[in-house]
Amino acid sequence: MKINLANIRQEYAKGGLKVSDMPDNPLPLFEKWLNEAIEAQTAEPTAVLVGTVSPEGTPSTRTVLLKALREGKFVFYTNYESRKGTHLANNPHISLSFVWHELERQVHVEGIASKVSAQESDAYFQTRPYKSRIGARISPQSRPIANRMEIMRKFVAEAARWLGKEVERPSNWGGYEVEPLRIEFWQGRPSRLHDRFLYTFSAQDNSWKLERLAP
Ligand SMILES: Cc1cc2nc3c(=O)[nH]c(=O)nc-3n(C[C@H](O)[C@H](O)[C@H](O)COP(=O)(O)O)c2cc1C
């Protein structure tokens, strides 16, 4: 490698977090940070890195877009037969990492994923552009394919089939909602002395415990 990676470093000084900034419930604060990322026009503010675990116990990640935050749950849409989908069918433990580099912030969520209702998936599916709805119907997400032509042929044939009709959501495509059990807010600070606050949900007393973590 020609570039010396060891020399690439930045000081983080855009903000700070005090315990007095931290509400009892982390979800309104998450919403505030997400809104601030949208307002600051960060690249893909709703993008989130989703971590799942295979039946063999090996972790993997990929990016999706957060499509709703409702009743304290994080909602995204995907193919239920994809790699992540087969992982979640076996083990619903999931991680969600939001990284907003422009604001020197990250939020890490860990929790339990479950499928949203068919009605909710149908409603969201119909808001997607026509071509995305067609794409969702024909893509065997995460499976090997011979070449790009194969998928383009399927796309064109399916698009012709549904022309002028309401495209039906395929049963293998839909939403997951993530019930958070652990939420960490991270704000970069100078000299790598970052601010980290961890919320852990206690089901016993139905409340969130707050701790400051070392950077
Ligand atoms: C910015 C961005 C947003 C994406 N959004 C989604 C999404 O909302 N749903 C989805 O299934 N894949 C989305 N993808 C593609 C996934 O990262 C991934 O390739 C796909 O879901 C297959 O993952 P898997 O094989 O691990 O299941 C997105 C990729 C990027 C870069």
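Before going into details, it helps to say that this report is about the structure given with it. Computed from a predicted structure; not experimentally measured.

## A word on a nonpolar patch on the surface
A cluster of nonpolar side chains, namely Met1, Ile3, Leu5 and Ile8, defines an oily patch on the protein surface of about 510 Å² accessible area. Among the structural elements, Ile3 can be located in the segment before α1 (26–39). With relative accessibility at 54%, the residue Ile3 sits in the exposed group.

## Details of the site of the ligand
What surrounds the ligand is the set Arg62, Thr63, Val64, Leu65, Tyr77, Thr78, Ser82, Arg83, Lys84, Gln141 and Ser142. At 2.6 Å from an oxygen atom of the ligand is found a main-chain nitrogen or oxygen belonging to Thr63. Contacts to the ligand include Ser142, whose side-chain N or O atom sits 2.6 Å from an oxygen atom. Secondary-structure elements contributing two or more residues to the shell around the ligand are β2 (59–70), β3 (73–79) and α2 (83–90). It is β2 that contributes the most residues to the shell around the ligand, 4 residues altogether. Taken together, the residues that form the shell around the ligand break down as 3 nonpolar, 5 polar and 3 charged.

About the criteria used
- Residues numbered from 1 in each chain as written.
- Predicted model: local features only at pLDDT ≥ 70, side-chain atom pairs only at ≥ 80, totals over all residues.
- Heavy atoms only, no water.
- Patch = residues over 30% accessible without salt bridge, like charges linked within 9 Å, V, L, I, M, F, W, Y side chains within 5 Å.
- Areas by Shrake-Rupley, 256 points an atom, 1.4 Å probe, with all protein chains shown as cover.
- Salt bridge = Lys/Arg side-chain N within 4 Å of Asp/Glu carboxyl O.
- Helix = DSSP H or I, 4+ residues; strand = E, 2+ residues; numbered from the N terminus.
- Buried < 20%, exposed > 50% of the residue type's maximum accessible area, 1.4 Å probe, protein only.
- Near = heavy atom within 4 Å.
- Polar contact = N/O pair within 3.5 Å; in protein donor to acceptor, adjacent residues only side chain to side chain.
- Nonpolar A, V, L, I, M, F, W, Y, C, P; charged D, E, K, R; others polar.

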